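Examining the three-dimensional arrangement
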Amino acid sequence: MAEIFGIPVPLLLGQLMLGLMNGAFYAMLSLGLAVIFGLMDEVNFAHGAFFMMGAMFAWMGGQYFHLGFWWMLLLAPLAVGLFGLLVERLMLRRLRGMDPIYGLLLTFGLTLLIEGLFRTFFGVAGSPYNPPALLGGTLNLGFMYLPTYYVFAMAASLAACFGTWFLIERTKLGSYLRAGTENPALVQAFGINFPLLVMLTFAFGSALAGLAGVLAAPIIQVSPLMGSNLIIVVFAIVVIGGMGSVMGAIVSGLALGVIEGLTKVFYAPISSTVVFILMALVLTVRPAGLFGKEK
Amino acid sequence: MSWRHQAPLYLTWLLLLLAIVAPWLGMYPVLGMRMMCFALFACAFNLMAGYTGLISFGHAALFGGAGYLTGLALTSWGWPTPAGIALGIFTALAIGLVMGMLAVRRYGIYFSMVTLALAQIVYFYCLQANFTGGEDGLQGIPRGTLFGLSLQSDRVMYYVMLVVFVASWWFIRRIVRSPFGQIVQAVRENEPRAISLGYRANRYKLGMFLLSAGFAGLAGAMKAVIMGFETLTDVHWSTSGMVILLTLVGGLGTDLGPILGAVLITVLEEKMGTISRFLEHITGIQWFASLNDNVSMVNGAIFVLCVLLFRRGIVGTFNARWGPAPAASG
């Protein structure tokens, strides 16, 4: 059997695939955070809770309304997006113009509140959520058997990331958004409804987290606490990538997923902390992050 | 001097008097000690957050890290209690030095995110390390003796904690009013200007972070000694969130705010069972009963309301409405 650094190649490639898949999720989550941050200077701590809501909604849809995966893939992100819209309109908007730390504190409290609410109804035990029958099988990649669904989830996440990039960098709406990031007052003076833009952006970022949640539901156990540790990893990724660019969020998300996967092969005990250690290293060399601009 | 200027002083003496007589008024000493541990932790957090304006989301690592090392020294190495507590403080300082050096380079929300991420390293370390007992935690930490005085009795321990707490509180107050504390506040108000006056802003912020870490460590070490156990909850990010909440409810950047916040939230958590039963009783909605085992949700709700409606906290609101001019920090 072939080996690299004493590690069997199939094992290495297997972790590489899983790392790439995790990375796609990280990318989608940090992208949502980055889009919101760019326009509002606001860090949404509740992003992990929104991710959890997406997965829980998918599970609830199947459990109570017998709606299949494909329906929930559409409906759950919409519901999470709507929820995000309300959060922005009713709460975060009141904090506009204040120190952004209040937004972080508010969304932190919101996270505890949302997770607590789901816990009172569903407990902390995870529930399995089956992938759709169409994607039920496994693929033989030669070096490993990969569930077909994993391939789909990875492709869908990357498609969502690319779609978002395209929307922001290549469309008219995206140009408003980028202009708003640069100078909100001027954008408003040109007759663009900036508060509406902020509200929709927040809803969009939330929906992206919800979509990630639905896609993750068949892979990890659906439970009210599934988002709480994940969001901190995503924060670290965002710090590593820097909040500067959309591409930065995607690239660093993918890269760190892969690095995390490889750490599992080479030195497993630090696999859950490697992202944070890398963050510390990046901060000493480039305080603004790899792709970030110092503000 | 009007009564308004004197109000914080009267309140301080009143609180101290209450704390002294509380065990004789039927208060459970362990609850009182818990309150003081969290109040000290909140005061330590406030030292950083209130006067540098940088909100740390990683203070649990300092608090719990100190608790674990103190516990380890007392249980496995048989160290005397004061040495164990000193080791706890030293641990918090060491973690604080690394965390602070990396975090003070960033501002605002970045600072919060960096401290949170670094604290997560400590959390995962404690989760995996052998000496911490993983999910079970560290059990059976002996209280030992303090200069020949046995700490077994809850009442003795209570007064020792009270002395530690009052001395620390007074010291923290002195720090804020010292030239060092003034410069730190000047940096918060206008960093470029402070730098142009020749102050190395980052060093002052780091200094404040270390002081804050030391007191957070003291609080964590005392908690481990008092409770006799140490669990992962103390290093978890929810504890970092909790200390922010205590300080925010009481009033960020005030002397007495963190204490009031800690007392209020600890009592609330203690009485959650009664409150949830009462709510269930008067509304007839069974769901309220579940609040009892879901304190974090209630904390979350208080957090949201506090940020939206009550950002200055109890003491801050009092000062803004009735207090002296904002120049003198109350």
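Everything below is about the structure printed above this text.
Source: prediction; values computed, not measured.

Rules used in this analysis
- Residues numbered from 1 in each chain as written.
- Chains lettered and ligands numbered in written order.
- Predicted model: local features only at pLDDT ≥ 70, side-chain atom pairs only at ≥ 80, totals over all residues.
- Helix = DSSP H or I, 4+ residues; strand = E, 2+ residues; numbered from the N terminus.
- Buried ≥ 20, exposed ≤ 12 C-beta atoms within 10 Å, placed from the backbone.
- Contact = placed C-beta atoms within 7 Å.
- Nonpolar A, V, L, I, M, F, W, Y, C, P; charged D, E, K, R; others polar.
- Axes fitted to C-alpha atoms, helices over the stretch in contact; angles between N-to-C directions.
- Parallel < 35°, antiparallel > 145°, perpendicular 65-115°, else oblique.
- Core = buried A, V, L, I, M, F, W, Y, C linked by C-beta atoms within 7 Å.

1. Comments concerning the overall build of chain A
When its secondary structure is counted, chain A shows 11 helices and four strands. The principal-axis extents of the C-alpha atoms in chain A amount to approximately 65 × 50 × 35 Å. Burial status across chain A gives 51% buried among its 295 residues. Considering only intrachain contacts with a sequence separation of at least 6, the fraction spanning at least 24 residues in chain A is 76%.

2. Here we look at the overall build of chain B
Scanning chain B from terminus to terminus reveals 14 helices and two strands. Here the C-alpha coordinates of chain B stretch approximately 55 × 50 × 40 Å along the principal axes. Within chain B, buried positions represent 48% of all 330 residues. A separation of at least 24 residues holds for 75% of the contacts in chain B among residues at least 6 apart in sequence.

3. Concerning the interface of chain B and chain A
In this complex, chain B contributes 34 residues to the contact, which on the side of chain A involves 33 residues. Secondary-structure elements contributing two or more residues to the side of chain B that touches chain A are helix H5 (108–128), helix H10 (237–250) and helix H13 (295–309) of chain B. Among the residues forming the side of chain B that touches chain A, the class breakdown is 21 nonpolar, 10 polar and three charged.

4. Here's the deal with the packing of helix H1 (residues 9–40) of chain A against helix H8 (residues 194–216) of chain A
Residues and elements named next belong to chain A. Close contact between H1 and H8 brings their axes to 9 Å; oriented N to C, the two are set at 170 degrees. In terms of orientation, H1 and H8 fall into the roughly antiparallel class. Residues Phe25, Met28, Leu29, Leu31, Gly32, Leu33, Val35, Ile36, Leu39 and Met40 of H1 form the contact with H8, whose own contacting residues are Val198, Thr201, Phe202, Phe204, Gly205, Leu208, Ala209, Ala212 and Ala216. Split by residue class, the contact of H1 with H8 holds 16 nonpolar, three polar and no charged.

5. Structural notes on the nonpolar core
Core analysis: the largest hydrophobic core is formed by 203 residues, its most contacted members being A:Ala55, A:Ala236, A:Met279, B:Ala39, B:Leu40, B:Phe41 and B:Ala117. The residues touching B:Ala39, leaving out its near neighbours within four places in the chain, are B:Phe165, B:Pro258, B:Ile259, B:Ala262 and B:Val263.

6. Re unusual backbone geometry
Positive phi is not limited to glycine here, since A:His66 has a value of about 55 degrees. Relative to the assigned elements, A:His66 resides in the loop between helix H2 (47–65) and helix H3 (69–90). Phi at B:Phe147 is positive, roughly 50 degrees, even though this residue is not glycine. Structurally, B:Phe147 is set in the loop between strand E1 (145–146) and strand E2 (149–150). The exposed category is assigned to B:Phe147, around which 7 C-beta atoms lie within 10 Å.

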